[in-house]
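Letter by letter, the chains look like this.
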Amino acid sequence: MDDEIDLFTPKSQKQYDLIWSDTDITFFGGSAGAGKSWNSLLRFLRYVNEPLYRGFVIRKTQASMKQGIFADAVRLFKAWDDKVKVNLNEMTIKFPSGAIIIFKGLDGQAAIDYFQGQEISGAMIDEATHLNAEEISWILTRLRTNSNAKPTAWLTCNPDPNSFLLDWVDWYLYPKK
């Protein structure tokens, strides 16, 4: 079935821009069904041939990923390369090059402590409005890598005028003249 559907091509310029952004932090917002999570996963394909690449998909809770974004990622990355190794218990996807994508929820202090000392080549923070500023800031301090990739983070979110994220992007969305 996946052979009949183009899984790998962005459907809009906005989606293309997300995948190929080279900024340190990229925000990708939109309503439900806009392709935020799928295209954020596609972005990892840029790095799957980097043996030292350690990508993370981060959400508020681990449980919210198992049947959702992790299942989608398995489908996507297996369609890209059927030799990827999937660990369902650890929620990791490892490419033949050695590049790895790790799915992690921020379920309490122990989960946050997990990131102490971690080397994050790329962080996809999905549903970023569900996290707080301190959690996201902490993840951003872990961006460093020995791979040939520039360490970056990309955050997906639905529009929420009450989220702290608005303060982070307000200058861009509403420039002062």
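Before any of the text, the structure's been laid out above.
The following paragraphs examine the structure supplied in this document. (Residues numbered from 1 in each chain as written. Predicted model: local features only at pLDDT ≥ 70, side-chain atom pairs only at ≥ 80, totals over all residues. Heavy atoms only, no water.)

Regarding the pattern of salt bridges
Point 1. Counted by the stated rule, this structure contains five salt bridges.
Point 2. Glu-127 is paired through a salt bridge with Arg-59; the nearest N and O atoms lie 3.7 Å apart. Of this pair, Glu-127 sits in the loop between strand S6 (122-125) and helix H6 (133-140) while Arg-59 sits in strand S2 (residues 54-59), placing them 68 residues apart in sequence. In terms of burial, Glu-127 and Arg-59 fall into one category: buried.
Point 3. Its salt-bridge partner being Lys-60, residue Glu-135 comes within 3.0 Å of it at the nearest N-O pair. Taken together, the residues Glu-135 in helix H6 and Lys-60 in the loop between S2 and helix H3 (63-66) connect sequence positions 75 residues apart.
Point 4. Under the relative-accessibility criterion, Glu-135 is labelled buried at 9%.
Point 5. Here the residues in one salt-bridge network are Arg-59, Asp-126 and Glu-127, joined through shared partners. (Salt bridge = Lys/Arg side-chain N within 4 Å of Asp/Glu carboxyl O. Helix = DSSP H or I, 4+ residues; strand = E, 2+ residues; numbered from the N terminus. Buried < 20%, exposed > 50% of the residue type's maximum accessible area, 1.4 Å probe, protein only.)

Focus: the pairing of strand S1 (residues 25-29)
On a regular strand, one side chain projects to one face of the sheet and the next to the other, so that they alternate.
Point 1. Side chains of S1 alternate between two faces, with Thr-26 and Phe-28 buried and Ile-25, Phe-27 and Gly-29 left unburied.
Point 2. Note: S1 against strand S7 (residues 152-157), five bridges, orientation parallel. Paired with Thr-26 across the strands is Trp-154, a residue of S7. (Pairing = 2+ DSSP bridges.)

So, the side chain of Asp-126
Point 1. One can find Asp-126 in the loop between S6 and H6.
Point 2. Within polar-contact distance, the side chain of Asp-126 engages the side chain of Thr-156 at 2.6 Å.
Point 3. Beyond its immediate stretch of four places on either side in the chain, Asp-126 contacts Ser-37, Ile-58, Arg-59, Ile-69 and Thr-156. (Polar contact = N/O pair within 3.5 Å; in protein donor to acceptor, adjacent residues only side chain to side chain. Contact = heavy atoms within 4.5 Å.)

Section: the environment of Cys-157
Point 1. Following the sequence through the fold, Cys-157 ends up in strand S7.
Point 2. The sequence separation of Cys-157 and Arg-54 amounts to 103 residues, and the corresponding C-alpha distance is 23 Å.
Point 3. Sequence-distant contacts of Cys-157, defined by excluding residues within four places in its chain, comprise Phe-28, Gly-29, Gly-30, Lys-36, Ala-128, Thr-129 and Leu-165.

Let's talk about the nonpolar core
Point 1. Within the largest apolar cluster, 28 residues are counted, with the highest numbers of intra-cluster contacts made by Leu-41, Phe-44, Val-57, Phe-77 and Phe-103.
Point 2. Elements that contribute at least two residues to this core include exactly helix H1 (13-20), helix H2 (36-44), helix H4 (69-80) and strand S5 (100-105).
Point 3. Counting residues per element, this core draws most heavily on H4, which supplies five residues.
Point 4. Every residue in contact with Phe-103, bar those within four places of it in the chain, is listed here: Leu-41, Val-57, Gln-62, Met-65, Ile-69, Phe-70, Ala-73, Glu-90, Met-91 and Ile-93.
Point 5. One finds Ile-58, Ile-100, Phe-115 and Leu-131 within the second-largest nonpolar core, a separate group that totals 22 residues. (Core = buried A, V, L, I, M, F, W, Y, C linked by side-chain atoms within 4.5 Å.)

A closer look at the packing of aromatic side chains
Centre-to-centre distance and the angle between the planes together describe a pair of aromatic rings.
Point 1. Considering all chains together, one arrives at 11 aromatic pairs under this definition.
Point 2. Measuring from centroid to centroid gives 4.7 Å for Tyr-47 and Tyr-53, while their planes differ by 5°, and the two rings are stacked. Like Tyr-53, Tyr-47 is buried.
Point 3. Where Tyr-114 meets Phe-115, the ring centres are 5.2 Å apart and the plane angle is 85°; that geometry is what we call edge-to-face.
Point 4. Note on Tyr-114: relative accessible area 28%, which makes it partly exposed.
Point 5. When its relative accessible area of 0% is taken as the criterion, Phe-115 is described as buried.
Point 6. By way of ring pairs, the aromatic residues Phe-44, Tyr-47, Tyr-53 and Trp-154 are connected into one cluster.
Point 7. The positively charged end of Lys-14 is found above the aromatic ring belonging to Phe-28, 5.0 Å away from the centroid. (Phe/Tyr/Trp six-rings, centres within 6.5 Å; stacked < 30°, edge-to-face > 60°. Lys NZ or Arg CZ within 6 Å of the ring centre and 35° of its normal.)

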